[in-house]
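Next come the chains, spelled out residue by residue.
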Amino acid sequence: MLDVSEYIGLPFQSGGRGPRYDCYGLLRLVYTDRLAIEIPEHVGYTDTMTPVTAAMIQGGLVDWRRVANPDPWDAVLFNVDGRPNHIGLVIAPGWMLHTTRQKDACIEQYTRPYWRSRIEGFYRYDNDCRPSAPHAE
């Protein structure tokens, strides 16, 4: 399991990019801090997961590709309210780091019934500077 303890408890804010974060902002923070990868932002971002943000991750605008078997550092995209609008960082099989309006940054099982039924897919950023899974922190 990736050690992401330094991110646990970071407060949530819609559109937050620091010191408060939304789900996409938290993913960007971890990628920048740990992998030195600047995940693209887009113009006009005003809320957590807009349709444009979801399209970016689903391969429409930037270098994410869908994967069947997620590894640590991959993203898990969820359908909430009928559209892809929440994202978490896979830290181990079945576990993610994420934040929501109801919870500050935390570790949670994406295999829980609430999340499992909402999984849209798993995605890997193709700028593959990620440590390989066996050597992950």
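### Examining the confidence of the model for the protein chain
Logical step 1: Of all residues in the protein chain, 77% have pLDDT values of 70 or greater, and the mean over the chain is 83.
Logical step 2: Contacts from residues 133–137, a stretch scored under 50 in pLDDT, to residues over four places away or in other chains number eight contacts.

### Looking at the pairing of strand 2 (residues 75–80)
Logical step 1: Across the six residues that make up strand 2, a large majority, five, are buried.
Logical step 2: Pairing geometry for strand 2 and strand 3 (residues 83–92), over six bridges, is antiparallel. When the bridges of strand 3 are listed, Phe78 appears paired with His86.
Logical step 3: Bridge count between strand 2 and strand 6 (residues 119–125): four bridges; the pairing is antiparallel. Looking at the pairing, Leu77 lines up with Gly121 of strand 6.

### So, the sheet that holds strand 6
Logical step 1: If you trace the six strands from one edge of the open sheet to the other, you get 1-6-2-3-4-5, paired in antiparallel fashion. Only two strands of the sheet have a single neighbouring strand rather than two, namely strand 1 (64–67) and strand 5 (106–109). Recorded for the sheet is a direction-independent mean angle of 40 degrees between the axes of neighbouring strands.
Logical step 2: Across the sheet, helix 1 (residues 23–35) touches strand 1, strand 2, strand 3, strand 4 (95–98) and strand 6, and the angle it forms with strand 3 is around 35 degrees.

### Quick notes on the nonpolar core
Logical step 1: Grouped together as the largest cluster of nonpolar side chains are 25 residues, with contacts concentrated most on Leu27, Tyr31, Trp64 and Leu97.
Logical step 2: At the level of elements, helix 1, strand 2, strand 3 and strand 6 are the ones that each hand at least two residues to this core.
Logical step 3: If one sorts the elements of this core by residue count, helix 1 sits on top with eight residues.
Logical step 4: If sequence neighbours within four positions are ignored, Leu97 has contacts with Val4, Tyr7, Leu26, Val30, Gly88, Leu89, Ile91 and Cys106.
Logical step 5: Ranked by size, the runner-up nonpolar core spans nine residues in total, among them Phe78, Val80, Tyr110 and Phe122.

### Here's the deal with the packing of aromatic side chains
Logical step 1: Scanning the entire structure with this criterion turns up six aromatic pairs.
Logical step 2: Taking the centre distance of 4.7 Å and the plane angle of 55 degrees together, the rings of Phe78 and Trp115 count as tilted. Of this pair, Phe78 sits in strand 2 while Trp115 sits in helix 3 (residues 113–116), placing them 37 residues apart in sequence. This pair shows no difference in class: Phe78 is buried, exactly as Trp115 is.
Logical step 3: Taken together, Tyr31, Trp64 and Tyr125 form an aromatic cluster joined through their ring pairs.

Thresholds, definitions, all that
- Residues numbered from 1 in each chain as written.
- Predicted model: local features only at pLDDT ≥ 70, side-chain atom pairs only at ≥ 80, totals over all residues.
- Heavy atoms only, no water.
- pLDDT = per-residue confidence, 0-100.
- Contact = heavy atoms within 4.5 Å.
- Buried < 20%, exposed > 50% of the residue type's maximum accessible area, 1.4 Å probe, protein only.
- Helix = DSSP H or I, 4+ residues; strand = E, 2+ residues; numbered from the N terminus.
- Pairing = 2+ DSSP bridges.
- Axes fitted to C-alpha atoms, helices over the stretch in contact; angles between N-to-C directions.
- Core = buried A, V, L, I, M, F, W, Y, C linked by side-chain atoms within 4.5 Å.
- Phe/Tyr/Trp six-rings, centres within 6.5 Å; stacked < 30°, edge-to-face > 60°.

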